[in-house]
Amino acid sequence: MTDIGAFDDLEIQAKRFTEDGYLVLPGFLRADLVSRLVPEVDKWVDAGWRQESIDACLRADAPPPRVVELDLEAHGELAVYPPLLRLLGHPDLLGESFVFHHLHSDRRPPGGTGKSWHHDYEQRPQRDRRFPMIHALHYPHGLRPGWGGLAVLPGSHREIAEKDARARLGTAVLPGEAAIDHLPPGSTVVLHSALFHTRRAPAVPDPSGHPRYMVDGSYCRTGTLWPPVKPYWRRVLAAGRARGLDAGRPELFAERHFGPYETVKATENGNVIENGNESGNTGMTAERREA
């Protein structure tokens, strides 16, 4: 089993996260978990389950999805991956008591589009950072320049700004940014959810046609009511409890840490965005959780 200790002392990691707002953990996931996760992502996309989950958020007349990510065996294991939960439990990250917020799973086509600079801290309106929220971006096949890279703006998690405060900049290179576009399989990038980040389309798409896999999970410190991002959020939490994924952590899938679901709509580049999901004319969706 992968141990945080293999990536530096935990205290060093925590200090780095406090200062920069992110951690890069190459090869963090066990190989056997990755091998089971990838076909589940393929099934999630190819069976139309991903599109059902999107429709349930974007269309008032759409039924709840038949399947949620936590119903999938390896996705559920990923959500409660022990080395990740140990890291999140450090007092400089989330601390002892935290709740699962959501999981998103996607397989993007080669040469896919980018996503403008944004952050994903759920607060309406944005007013403070008293209670941390963290996104763990998992890359089962890693990252390569031809698949589309991730860029982050270190230290920006300390700003009090709306999610789209830098959207006008598109995916432009910013002073002081850190670009992450070369990671081995099973790597994870841990972000403070208020950290500004962007997904850049590859300058030269990978000629092999290899898709870009990404599964992101989000977690919040307890002590306040967090806004849900999916209208069927109770169904997601119930799936975690039904599978016993909360063993030893009674708060992890507890509904009492959430406020009411509220529809939030905005537009960007002519697309409709609702609670973090961007839907374009192609019918494909890019989660705002990681650009």
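The text that follows walks through the structure, step by step, so that each part is easy to find. As a convention, each chain's residues are numbered from 1 in the sequence order in which they are written. Residue-level local features of this predicted model are given only where pLDDT is at least 70; pairs of side-chain atoms are given and counted only at 80 or more, and the full residue set underlies all totals for whole chains, interfaces and linings. Heavy atoms from the whole structure form the basis of all side-chain values; hydrogens and water molecules are not counted.

### Side note on the overall build of the protein chain
Step number 1: Secondary structure elements follow DSSP: runs of H or I of four or more residues count as helices, runs of E of two or more count as strands, with numbering from the N terminus. What the protein chain contains, in helices and strands, is 6 helices and 13 strands.
Step number 2: Expressed as a percentage of the 291 residues in the protein chain, the buried residues total 57%.
Step number 3: Should any heavy atoms of two residues lie within 4.5 Å, those residues are considered in contact. In the protein chain, 82% of the contacts between residues at least 6 apart in sequence involve partners at least 24 apart.
Step number 4: Areas reported as accessible are Shrake-Rupley estimates using a 1.4 Å probe. Residue values count occlusion only from the protein chains shown. Accessible area for the protein chain stands at about 11800 Å²; split by element, carbon and sulfur atoms hold 54% of it. For the exposure calls, accessible area comes from a 1.4 Å probe over protein chains only, and a residue counts as buried if that area is under 20% of its type's maximum, exposed if over 50%, partly exposed in between.

### Here we look at helix α3 (residues 49–58)
Step number 1: All of the buried residues along α3 are Trp49, Arg50, Ser53, Ile54, Ala56 and Cys57. Buried residues along α3 cover an arc of 160 degrees about the axis, so they all sit on one side. Note: the arc covers the axis-to-C-beta directions of the helix.

### Focus: the packing of aromatic side chains
Step number 1: Two rings from Phe, Tyr or Trp (for Trp, the six-membered ring) form a pair when their centres are within 6.5 Å of each other. A pair whose planes differ by under 30 degrees is stacked, one over 60 is edge-to-face, and the rest are tilted. A full pass over the atoms with the stated rule returns 6 aromatic pairs.
Step number 2: On the basis of an interplanar angle of 40 degrees and a centroid distance of 5.3 Å, the ring pair of Trp233 and Phe258 is categorised as tilted. Separated by 25 residues along the polypeptide, Trp233 in helix α6 (residues 233–242) and Phe258 in the loop between α6 and β10 (265–268) bring together distant segments of the chain.
Step number 3: Judged by relative accessible area, Trp233 falls into the buried class, the value being 7%.
Step number 4: In textbook terms, an aromatic cluster arises when at least three aromatic residues are bridged by ring pairs, as seen for Phe98, Phe100, Tyr219 and Phe253.
Step number 5: When the NZ atom of lysine or the CZ atom of arginine is within 6 Å of a ring's centre and also within 35 degrees of its normal, the charge is said to sit over that ring. Its guanidinium or amino end placed over the ring of Tyr121, Arg129 lies 4.5 Å from that ring's centre, counting from NZ or CZ.

### Side note on empty space enclosed by the protein
Step number 1: Residues are said to line a cavity or pocket when one of their atoms sits within 4 Å of a point; the points come from a 1 Å grid over protein atoms alone, cavities being sets where a 1.4 Å probe fits but cannot get out and pockets being open sets with protein on both sides within 12 Å along at least five of seven lines. Grid points are joined across faces, edges and corners, and a volume is the space filled by probe spheres set on the points. Within the structure shown, the criterion is met by 3 cavities of 30 Å³ or more.
Step number 2: Reported here for the largest cavity is a volume of approximately 90 Å³.
Step number 3: Every residue along the wall of the largest cavity is listed here: His101, His102, Leu103, Pro228, Val229, Lys230, Trp233, Val236, Leu237 and Phe258.
Step number 4: Every element with two or more residues in the lining of the largest cavity is listed here: β2 (98–108) and α6.
Step number 5: Throughout, the ten residues Ala, Val, Leu, Ile, Met, Phe, Trp, Tyr, Cys and Pro are labelled nonpolar, Asp, Glu, Lys and Arg are labelled charged, and all others, Gly among them, are labelled polar. Within the lining of the largest cavity, the residues separate by chemical class into 7 nonpolar, 2 polar and 1 charged.

### Remarks on the sheet that holds strand β7 (residues 187–192)
Step number 1: In space, the 5 strands of this open sheet follow the order β1-β7-β4-β9-β2, with antiparallel pairing throughout. Looking at the sheet topology across the chains shown, the edges are occupied by β1 (22–25) and β2. Pairs of neighbouring strands in the sheet enclose a mean axial angle of 15 degrees, with direction left out of account.
Step number 2: One requirement defines pairing of two strands: DSSP has to find at least two bridges between them. In the sheet, β1 pairs with β7 via 4 bridges, with the strands oriented antiparallel. Considered in β7, the bridge of Tyr22 is made with Leu191. Helix axes are fitted only over the stretch in contact, all axes being lines through C-alpha atoms; the angle between N-to-C directions runs from 0 to 180 degrees.

### Quick look at the environment of Ser193
Step number 1: If you trace the backbone, Ser193 turns up in the loop between β7 and β8 (197–200).
Step number 2: Taking the C-alpha atoms as reference points, Ser193 and Pro132, 61 residues apart in sequence, are found 7.7 Å from one another.
Step number 3: The contacts of Ser193, once residues within four sequence positions are left out, are His119, Asp120, Tyr121, Met133, Ile134, His135 and Ser218.
Step number 4: There is a polar contact of 2.6 Å between the side chain of Ser193 and the side chain of His135. Each polar contact in these results corresponds to two N or O atoms within 3.5 Å; when the atoms are within protein, one needs to be able to donate a hydrogen and the other to accept it, and residues that are neighboring in sequence are counted only if both atoms are side-chain atoms.

### Here's the deal with the pairing of β7
Step number 1: Most of β7 sits out of view: 6 of its 6 residues are buried.
Step number 2: Burial along β7 is two-sided: the face carrying Ser187, Val189 and Leu191 and the face carrying Thr188, Val190 and His192 are both buried.
Step number 3: Note: strand β4 (residues 133–139) against β7, 6 bridges, orientation antiparallel. Counterpart to Leu137 in the pairing with β7 is Val189.

### A short note on the packing of helix α2 (residues 31–46) against α3
Step number 1: As a packed pair, α2 and α3 sit with axes 4 Å apart at the nearest point and diverge in direction by 55 degrees. Relative to α3, the element α2 lies oblique. From α2, Lys43, Trp44 and Val45 reach across to α3, where they touch Trp49, Arg50 and Ser53.
Step number 2: Per-class residue counts for the contact of α2 with α3 are 3 nonpolar, 1 polar and 2 charged. Every angle not falling under 35 degrees, over 145, or within 65 to 115 is termed oblique; those three ranges are roughly parallel, roughly antiparallel and roughly perpendicular.

### Structural notes on the pattern of salt bridges
Step number 1: Criterion for a salt bridge: a side-chain nitrogen of Lys or Arg within 4 Å of a carboxyl oxygen of Asp or Glu. Scanning the entire structure with this criterion turns up 18 salt bridges.
Step number 2: With a closest N to O distance of 2.9 Å, Arg30 and Asp32 form a salt bridge.
Step number 3: Salt-bridge contacts for Glu177 lead to Arg200; the nearest nitrogen and oxygen are separated by 2.6 Å. Taken together, the residues span a long stretch of sequence, with Glu177 in the loop between β5 (149–152) and β6 (178–180) and Arg200 in strand β8 at a distance of 23 residues. Take Glu177 and Arg200: they sit in the same class, and that class is buried.

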